[in-house]
Amino acid sequence: GGKGGGRNGSMGGMNGMGGADNSLSGASLLLGGGLNRSASGTGLNGLGGQDTAQEIADMDARFGSVGECVGQVGVLARDQHGCRFLQRKFDEEGVEAVDLCFDEIIAEVVELMMDPFGNYLVQKLLECCSDEQRMGVLSAVAQVRGEDDAAAAKEGAASASKDADKDTEDNGSGAGAARVDESKIGGRARRGSGDRGSKEPGDGMPELVSVALNTHGTRAVQKLVETLRTPEQVALATEALKPGVVTLIKDLNGNHVIQRCLQRLGAEDNQFVYDAARACSVEIATHRHGCCVLQRCIDHAADGQRRALVQEIASQALVLSQDPFGNYVVQYILDLGLPWANAEVMVRLAGNYAELSMQKFSSNVVEKCLKLADSALEEHRNVVVREIMTSPLLDRLLMDPYGNYVVQSTLSVTKGVLHSELVERIRPHLPLIKNSPFGKRILRLLLENKK
C-alpha cells in the first residue's frame, strides 16, 4: 500500500570525526608541524586509518622507541600520526610498550576516550593490556563525575588553608593567606573553581556514561564492552552504565553501547537493561533510537526476560500503536508469532479499531492483527472485523486513505457467513464510494470476489 512510510529499524551511522584543527599546540610542536585533525580514515578498526610509508619513517626518525615517548604520551595520543605510532609500537613491542605508556594513559583516560584520535589508542590499549590494567581503566571511568572535583577542591582548600596558616606564623602577618599553590589542587578540580556552586553536564553520573554519549567516546566504550574478560570486569562496567541506561538507549551514540552489551554480555549481565526497558517501556518505545534498542532487547533476551518485556509492550499497545516509532515495536512483537502476546495486543486495542484504522501508524498495526491471526486467534480476529463493520464510521473508513486498506484486509481474511455479512454492510455505501479514489479499491475488490 505504501501508506506507512519506511521502517525505522536501521541504526543511524556514526558521524564524522570532526573538522580540521590547524592551531599549534604541544603536539604540533612536539611533532615538528601543524596538527592534522582531518576526518580521514576513521573506520572502527581501532587504528583510525593507516599512515603512509613516509609518515611512518618520519615518526620512527623522531621517536625510535616507546621509551623516548615517556612523558609525552598524552600529547602524542591526541595527534593523528602520534596515535598511530603508539599503536604500532603496542603491536611491535607488546607488553613492554603498554606498560611504559599505561600510567600516562590512565591519568587522563576519560579525556582520551573522547578525543578524535586518543579514542583509538585507548581501544588498542584495551586489546593489548592485562586484566589488572583493564580493571584500572574500568575503575577510572566508573568514578562518578563531579565527586573527584569536589573532593580535590576540598583537599586543595584545606591544604591552602594550612599553607596560609604556616605563612602567617612564619611572616607574622596575614599576607601569606592570599598565596595558594594551585599545584596542590587537581587539574580537574580547577575546572569549576570559578563558581563553587556550579555543576557540569553529567555531574552525578559515572564518567563511563558521559564517555558513551560522546561521538568518539562511544567507540572506546564499545571496545571496552567487547574486551571484558572476567565477572568482576563485567560487574564494574554494568554498574557504571546502569544509572544512565535510559539516557544511553535514547542517544544517537549511547544506544550503540547498549546494543553492544546485548550482543556481547550474557542475558543475566544485561538484566539492568531489561529492568529499564520494562520500567520505561513507553518512553523508550516512542523514541527514534529507543524503538530499535527495544527490538534488540527482545532478540537477545532469555525466555523469562523476553516474556516479561513482551507482556509489558503488549499491555501498552493502544498508546504505542498510535506513535510514529512505537507502532513498529508493537508490530515486532506481533511478528514473533506468540499467540498469547497477539491475543493481549488485540484485547488492548478492542473498542478502538475504527479510529485506529484511520490513523497513519496505528492502521498498520490493525492490518497486522488481521493478517497474522491464525486459527488459534480466529475469534479475536472476528471481533476486529465485527467492530469495524458495525462501526458508525464505516462510510468514512471506506473512503479514508488509511482506513480503506484495513477494510480491504477484512475482506481478504474473512470467509463464509462473516464475509457475506461484511459485504452486506458495505453495499449501502457503494454509491457514495464509487467516486472516491480510495473507495474504488473496495469496489474493485468486491467485483473480483463476485467473479
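**Observations regarding helix H5 (residues 95–107)**
Over its 13 residues, H5 extends 19 Å from the first C-alpha to the last, a length consistent with the 18 Å expected when each residue adds 1.5 Å. Where H5 bends most, at cysteine 101, the angle is about 45°. Within H5 the residues assigned to the buried category are Ala97, Val98, Cys101, Phe102, Glu104 and Ile105. Where H5 is buried, its residues meet helix H3 (73–77), helix H4 (80–93), helix H6 (109–113), helix H7 (118–128) and helix H8 (131–141).

**A word on the side chain of aspartate 79**
Position of aspartate 79 relative to the elements: it lies in the loop between H3 and H4. Judged by relative accessible area, aspartate 79 falls into the buried class, the value being 3%. Separated by 2.8 Å, the side chain of aspartate 79 and the backbone nitrogen of glycine 82 make a polar contact.

**Thoughts on the environment of glycine 403**
Relative to the helices and strands, glycine 403 resides in helix H27 (residues 403–413). Residue class for glycine 403 comes out buried when judged on its relative accessible area of 0%. As for glycine 403 and phenylalanine 438, which are separated by 35 residues in sequence, their C-alpha atoms are 9.1 Å apart. Sequence-distant contacts of glycine 403, defined by excluding residues within four places in its chain, comprise Ser357, Met358 and Leu397.

**A short note on the pattern of salt bridges**
Following the criterion strictly, the structure yields 17 salt bridges and no others. The partner of lysine 89 in a salt bridge is glutamate 92, with the nearest N and O atoms 3.4 Å apart. Here the residue lysine 89 and the residue glutamate 92 both occupy positions in helix H4, the gap between them amounting to 3 residues, near one helical turn. Exposure remark for lysine 89: the relative accessible area of 8% places this residue in the buried category. Judged by relative accessible area, which is 56%, glutamate 92 ranks as exposed.

Thresholds, definitions, all that
- Residues numbered from 1 in each chain as written.
- Predicted model: local features only at pLDDT ≥ 70, side-chain atom pairs only at ≥ 80, totals over all residues.
- Heavy atoms only, no water.
- Helix = DSSP H or I, 4+ residues; strand = E, 2+ residues; numbered from the N terminus.
- Expected span 1.5 Å × (residues − 1).
- Bend = angle between axes of the 7 residues up to and from the residue.
- Buried < 20%, exposed > 50% of the residue type's maximum accessible area, 1.4 Å probe, protein only.
- Contact = heavy atoms within 4.5 Å.
- Polar contact = N/O pair within 3.5 Å; in protein donor to acceptor, adjacent residues only side chain to side chain.
- Salt bridge = Lys/Arg side-chain N within 4 Å of Asp/Glu carboxyl O.

Geometric descriptors of this kind do not, in isolation, establish any biological role.
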